[in-house]
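Here is what each chain is made of, one letter per residue.
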Amino acid sequence: MSDRDPRPTRRHIVVLFIDIVGSTELAERLDPELLLRILDRYYAACRTEIFEHGGAVEKYIGDAVMAVFGVPVSREDDALRAVLAADAAMSAVRRLSAEIAPTHGVRLDAHCGIAFGEVMVADGSGSNVRVIGDAVNTASRLQSAAGAGEILLGDDVARLVRQHALLDGVPPLTLKGKRDPVRAWRLIAVEPDRGGPETDTIPLIGRTEELHQLTRFHDRAARDRQCCMATLLGVPGIGKSRLVREFLTNLPEDVTVLTGRCPSYGIGATYRPITELLEALNGEWPALAEAVGTEGARALRGLACLGDADYEDTPGVAEIAQAVRSLFEVLARDRPLVVVLDNLQWAEPTLLDLIEDCAAWLADVPVLLVCVARPELYEARPSWGGGMTCAMSLELGPMSPPHMTRLVAELRAERADVVAHDDDGTYQRVIHGSDGNPLFAELMLETLAEGAVALPPTIQALLGARLDRLGGAERHMLERAATIGQSFTVEQLETLFDGEPPLTATPLRRLQRDRLIRRGALLGSYEFTQTLTRETVYALTSKEVRADWHRRLADWFGDRAADASDDAPFAGSASGDVSRHLLAACRLTRQVRPGDPLLPELTDRAADRLIRDGGQALHRRDLPAAIALLEQGREMLPPGRDEHRSLAVRISDAKLARGEAVAAAAALDRAEELLPEDPRNRLTCVIQREVLALRSGARAPELESLRGRLALDPRDDLSWCRFHQLQALIHIEDGRFGAADRALRDGLERARPMGDRYEEDRLLGGLCELVQWSSTPVPEGLALCAGLLARFAGDRALLVPVLLTRARLLALSGDLGGARESLDTAGHYAEELHLGLSAIAVVQVRGLVESLDGNHEVARGLFTRAAAALRAAGHGGSAATLEVYAARETLRRGDVRQAAGELARSEAGVPQLRGELTAIVMRGAIASLNGAHADAVSAAERATALLESTDDPCLQGDVLVEIARIQRAAGRDPAEAARRALDAYLSKGASLPARRVRDWMKGLS
Ligand SMILES: Nc1ncnc2c1ncn2[C@@H]1O[C@H](COP(=O)(O)OP(=O)(O)OP(=O)(O)O)[C@@H](O)[C@H]1O
Ligand SMILES: [Mg+2]
């Protein structure tokens, strides 16, 4: 097949025209031979650039060169290629001009136009292309309209390259042969690659000791291959971020550096700094995803679309922490890793937990965590950094007067344009008046240099004064930028300008020159150089205007679907942005225009979004963020709305789970204020208050009167649902597991029609735990487990309790191998996710399995271990039960004396019914073995009486078996006790212990 396709094709391409300005004049002034040589070099330069950027030269028209991009094949970045080629060709022309100007006394200038559009292409291969279409004319006209040295882009091209280029809108052009004026843009600059971080312009002054400490600390982490955490503290502007920058530039080449910053806004934006540091890894994502494993990759990927992800896809906090840890581990395997987390004073508690967890658990890898914060961090977390093996904390104090003198001298030298006059008195005032704060000094210097006599007394005021002196365009730009956030893009800025396309390039350049902003790490992004500048600009911007901008930004972020690709999942992810802007828009509108007709709708949207985000946070068990989001949502939601009821319940659940019982009750009070006179709400609150009371150790309430009230409104599903949960709680306390099981199932019947995933998950989780003790038969219990394993598949923290239940049920049914397998998985998850209590539960269930398998010595060891761990964690009640179980294993092993000794501890009583019953019957068994049959029988009788209070079939079976043995040893008839034990086991489907009883009974006859 020939690669020439003779048929003309219709396609979208980019057309570029470049031409020499004033060539007739050149021809007049230069000898034709010389002109030809110059023009040849000009053509060659253009050709080279066009070719190197993947374009084809279509033809020469006079001195003009016409090139096309997108022939024979179009590429998605044709427009960018054309712009880069034009930019490079123009530079080449400038160089050529500079070269000939001194010798030949002429300047060479070119101008250029670029357009995009649909054309017909004939002979579309290689050098011999013919292109016909409107884009050709437009490009040619744009080129004519461009001034010397200018590149003009058509509107389409501008849109295609905006991410990578600085553009200035020009007034619409009336072009020859065109009916309507054409929109065009002047290219200011184009940067195809990410703009590297801008470097500091003056050297670091002082701080040698601090720098040394940081460096030594890093060396230690690298040398000993351990994770170390350095915390850097100091007031705003004192130089924390600057010191870290210096430290980073001095690091050896092979160190990987990741940086994340906490925003001062954005409630619930727990993981924002983590997504920021992930952004830098986009390029390596596919390889990293493989290295961190399926769960890790899933959790990290989930972070990128938090807020947009389905509820089910939200990874839990433990999953996220583990994923981040394994990411660091993978990154640090071959070379040291430094992770900088700046502005931690604004971190959510869950993020602080994550960082501490990393510092405590990352082992055998060289990682340095650099935590940068204002001193408020310690207010939020007084224990920060405590108890870590490798941690240090550094407080940056004021700089000394000699250092300030040097700083001022450097600033003077470097900013000679701003700081014009040479007045020593001024400098002395700065050196002594800036409290050793370099930012303060910078601002004072500038202010004084501009002729100010009086100086505002604080940094903030000084910064405000400086901002007031900015030009209008710059100030407008900065105010918009501050509303967007610490970092922002040109595209975002432009959405905040009305009407005509704004002249973004020039003010941005000026702001960059003044170092108020700098290029950000992501392509096309900028950021505030100083955290404090953003805060100040924001505070000084009119609330009315901010309200409007926040609203537009919420729309902008909302429209932008989560379009992250699998190759670059973290590019500019927008978690929480919509809610944050909506919330701010509402608050500000309420303050300045409470009667605004748009306000109700806006408020609804904000409340919806916050409540949704809060639900997600609750689902991943990020309780502090969940509480914050749900409470904000509640305050946005107008009083009288039904949602207040379910919100109150959730907030109070979350607070209770955090051990804040009083606050949990306050959430209910608030609901009653917001829904006064609402009988359903009142009832739900009454029920939830009983739950709170019960959890704080109060006596169980009278259920009948509650039931009477509920009966008046049979369709009040939420109240009923919560009532059944209360019932279940009471039954569990009393050891009536069958009843508790039924109550939870009744609750589920209520939750399902509400479509309330939260209530359903709670109930199912409870039900699954209960299945171990309730009369629900093993096969049914296993089916429930299977359903939950599928339902919670994405969150291993939720899977662990299900796997434990499954292990126990499998063991009872005789499948000991399956039980062990389930336990191995649970143990692995619990360990990976640092789920301390779950890990203890795994040991405990292992004990049960080994006991059922007859490995009593092993079982004893496991129970003892679990008991000790539980005691250490403050769960004395459960620990006491396990100690009794351990003693029972000793006895089963045949060591009566030792068992008696071990049991002595429980003499004072065991709080849990299970433990108490077992202890009583054990004492009976020991007495029996020692020949004290009367004592043994009386213990058996006591146990029999106590058995009435539980309906746990396995507990009944276990106790009855012991009673039967005691009776037999005492010469009584054990048949009835044995039969009852057998019946209990069989009703549960516990075939393994049932078989044992049956065998024992056979031995009797
Ligand atoms: N030792 C130093 N030598 C030279 N310049 C410094 C030094 N310390 C700080 N600066 C300059 O002072 C300004 C403020 O410093 P920086 O941004 O590091 O403050 P910060 O402590 O991080 O404040 P914030 O808490 O607001 O983030 C910056 O322009 C920085 O370059
Ligand atoms: Mg800083």
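As shown above, the structure is provided for reference.
How each quantity is defined
Residues numbered from 1 in each chain as written. Chains lettered and ligands numbered in written order. Predicted model: local features only at pLDDT ≥ 70, side-chain atom pairs only at ≥ 80, totals over all residues. Heavy atoms only, no water. Helix = DSSP H or I, 4+ residues; strand = E, 2+ residues; numbered from the N terminus. Contact = heavy atoms within 4.5 Å. Areas by Shrake-Rupley, 256 points an atom, 1.4 Å probe, with all protein chains shown as cover. Lys, Arg positive; Asp, Glu negative; His and termini not counted. Charge placed at Lys NZ, Arg CZ, Asp CG, Glu CD. Pairing = 2+ DSSP bridges. Axes fitted to C-alpha atoms, helices over the stretch in contact; angles between N-to-C directions. Disulfide = S-S within 2.5 Å. Buried < 20%, exposed > 50% of the residue type's maximum accessible area, 1.4 Å probe, protein only. Phe/Tyr/Trp six-rings, centres within 6.5 Å; stacked < 30°, edge-to-face > 60°. Lys NZ or Arg CZ within 6 Å of the ring centre and 35° of its normal. Salt bridge = Lys/Arg side-chain N within 4 Å of Asp/Glu carboxyl O. Parallel < 35°, antiparallel > 145°, perpendicular 65-115°, else oblique. Left-handed = near helix turned anticlockwise from the far one by under 90°. Nonpolar A, V, L, I, M, F, W, Y, C, P; charged D, E, K, R; others polar. Core = buried A, V, L, I, M, F, W, Y, C linked by side-chain atoms within 4.5 Å. Expected span 1.5 Å × (residues − 1). Near = heavy atom within 4 Å. Polar contact = N/O pair within 3.5 Å; in protein donor to acceptor, adjacent residues only side chain to side chain.

**Digging into the overall build of the protein chain**
And step 1. Helix and strand counts for the protein chain come out as 43 helices and 16 strands.
And step 2. Oriented by its inertia axes, the alpha-carbon framework of the protein chain measures out at about 135 × 80 × 65 Å.
And step 3. Partitioning the contacts of the protein chain with sequence separation of at least 6, the portion at a separation of at least 24 is 69%.
And step 4. Here the protein chain displays about 43,100 Å² of accessible surface, and carbon together with sulfur accounts for 51% of that area.
And step 5. For the protein chain, the separation between the mean place of its 120 positive charges and that of its 146 negative charges on side chains is 2 Å.

**What to know about the sheet that holds strand β12 (residues 367-373)**
And step 1. Taken together, five strands build an open sheet; the order of strands is β10-β11-β12-β9-β13 and the sheet is parallel. The strands lining the two open edges of the sheet, one partner per strand, are β10 (256-261) and β13 (391-395). If you compare each strand with its neighbour and ignore which way they point, the axes differ by 15 degrees on average.
And step 2. Running over the sheet, helix α6 (residues 208-224) touches β9 (227-233), β11 (337-342), β12 and β13 and is turned about 165 degrees from β13.
And step 3. Of the strands in this sheet, β10 and β11 are in contact with helix α8 (residues 272-279), which crosses β10 at around 145 degrees.

**Observations regarding the state of the cysteines**
When the sulfur atoms of two cysteines share a covalent bond, that bond is a disulfide.
And step 1. Enumeration over the complete set of coordinates arrives at one disulfide.
And step 2. For Cys 227, which is in no disulfide, the shortest distance to another cysteine sulfur is to Cys 228 and amounts to 6.6 Å.
And step 3. Of the residues examined, Cys 227 reaches a relative accessible area of 4% and is grouped as buried.

**Re the packing of aromatic side chains**
And step 1. Applying the stated rule across the entire model yields eight aromatic pairs.
And step 2. Look at Trp 720 and Phe 723: their rings are 6.0 Å apart centre to centre, the planes differ by 90 degrees, and that puts the pair in the edge-to-face class. Taken together, the residues Trp 720 and Phe 723, both in helix α29 (residues 717-733) and three residues apart, mark about one turn of the helix.
And step 3. Under the relative-accessibility criterion, Trp 720 is labelled buried at 10%.
And step 4. Taken together, Tyr 42, Tyr 43 and Tyr 60 form an aromatic cluster joined through their ring pairs.
And step 5. Looking at Arg 534, its charged tip hangs above the ring of Tyr 538, at a distance of 5.1 Å from the centre.
And step 6. The side chain of Arg 546 reaches across the aromatic face of Tyr 538, ending 4.2 Å from its centre.

**A closer look at the sheet that holds strand β15 (residues 517-519)**
And step 1. Here we have three strands laid out as an open sheet, ordered β14-β16-β15, and antiparallel in their pairing. Looking at which strands have only one partner, the edges of the open sheet turn out to be β14 (487-489) and β15. Averaged over neighbouring strand pairs, the angle between their axes works out to 35 degrees when direction is ignored.
And step 2. Two elements, β14 and strand β16 (residues 525-528), share three bridges in a ladder whose sense is antiparallel. Residue pairing across strands places Ser 487 opposite Glu 527, the latter belonging to β16.

**So, the pattern of salt bridges**
And step 1. Counting across every chain of the model gives 69 salt bridges.
And step 2. A salt bridge links Arg 621 to Asp 795, with the shortest nitrogen-to-oxygen separation between them at 2.8 Å. Placement of the pair is Arg 621 in the loop between α23 (599-619) and α24 (623-636) and Asp 795 in the loop between α32 (778-791) and α33 (796-813), with a sequence separation of 174 residues.
And step 3. The exposure class of Arg 621 is partly exposed, given its relative accessible area of 29%.
And step 4. The residue Arg 972 makes a salt bridge to Glu 941 at a minimum N-O spacing of 4.0 Å. Within this pair, whereas Arg 972 is found in the loop between α41 (953-969) and α42 (975-988), its partner Glu 941 is found in helix α40 (residues 933-947), the two being separated by 31 residues in sequence.
And step 5. For Glu 941, a relative accessible area of 49% translates into the label partly exposed.
And step 6. Several salt bridges share partner residues, and in doing so they unite Arg 752, Arg 757, Glu 760, Asp 761 and Arg 791 into one network.

**Topic: the packing of helix α37 (residues 876-892) against helix α39 (residues 913-929)**
Helix-helix packing: each pair is described by the crossing angle between the helix axes and the interaxial distance.
And step 1. For the pair α37 and α39, interaxial distance at closest approach is 9 Å and the crossing angle is 25 degrees. Judged by the angle between their axes, α37 and α39 are roughly parallel. In terms of crossing hand, the pair formed by α37 and α39 is left-handed. Where α37 abuts α39, its residues Thr 881, Val 884, Tyr 885, Arg 888 and Leu 891 lie against Arg 914, Gly 915, Thr 918, Ala 919, Met 922, Ala 925, Ile 926 and Leu 929.
And step 2. Counted by class, the contact of α37 with α39 contains eight nonpolar, three polar and two charged residues.

**Some remarks on the nonpolar core**
And step 1. In this structure, Leu 804, Leu 823, Leu 835, Val 849, Ala 943, Val 959 and Ile 963 are the most contacted members of the largest nonpolar core, which totals 72 residues.
And step 2. With near-sequence residues (within four places) excluded, Val 849 lies in contact with Ala 811, Leu 816, Ala 819, Arg 820 and Leu 823.
And step 3. In terms of nonpolar packing, the next biggest core, distinct from the first, is built from 53 residues, Leu 467, Leu 470, Leu 493 and Tyr 538 among them.

**Topic: the pairing of strand β3 (residues 64-69)**
And step 1. Most of β3 sits inside the fold, with six of its six residues counted as buried.
And step 2. Because side chains alternate across β3, one face comprises the buried residues Ala 64, Met 66 and Val 68, and the other comprises Val 65, Ala 67 and Phe 69, equally buried.
And step 3. Relative to β3, strand β1 (residues 9-20) is paired through five bridges, and the arrangement is antiparallel. Considered in β3, the bridge of Val 14 is made with Phe 69.
And step 4. Here five bridges tie strand β2 (residues 56-61) to β3, and the two strands are oriented antiparallel to one another. Across the sheet, residue Tyr 60 finds its bridge partner in β3, namely Val 65.

**Focus on helix α43 (residues 991-1004)**
And step 1. Taking 1.5 Å of rise per residue, the 14 residues of α43 would be expected to cover 20 Å, and the 20 Å separating its terminal C-alpha atoms lies within 8% of that figure.
And step 2. Here α43 has its buried residues at Leu 992, Pro 993, Ala 994, Val 997 and Met 1001.
And step 3. Those residues of α43 that are buried are in contact with α33, α34 (816-832), α35 (836-852), α41 and α42.

**Points about the site of ligand 1**
And step 1. Around ligand 1 there are 24 residues in total, and Ile 205, Gly 237, Lys 240, Arg 242 and Arg 374 lie nearest to it.
And step 2. With respect to ligand 1, the backbone of Ile 205 contributes an N or O atom lying 2.8 Å from a nitrogen atom.
And step 3. One of the side-chain N or O atoms of Arg 374 is found 2.8 Å from an oxygen atom in ligand 1.
And step 4. When ligand 1 sits alone it has 620 Å² of accessible area, and the protein chains cover 96% of it.
And step 5. Looking at the shell around ligand 1, the elements with two or more residues in it are α7 (240-249), α15 (438-449) and α20 (531-540).
And step 6. A total of four residues in the shell around ligand 1 trace back to one element, the largest contributor, which is α7.
And step 7. When the residues that make up the shell around ligand 1 are grouped by side-chain class, the tally is 12 nonpolar, six polar and six charged.

**With respect to the side chain of Thr 531**
And step 1. Mapped onto the elements of the fold, Thr 531 is located in helix α20.
And step 2. Apart from residues no more than four positions distant in its own chain, Thr 531 is found in contact with Asn 343, Trp 346, Arg 374 and Gln 486.

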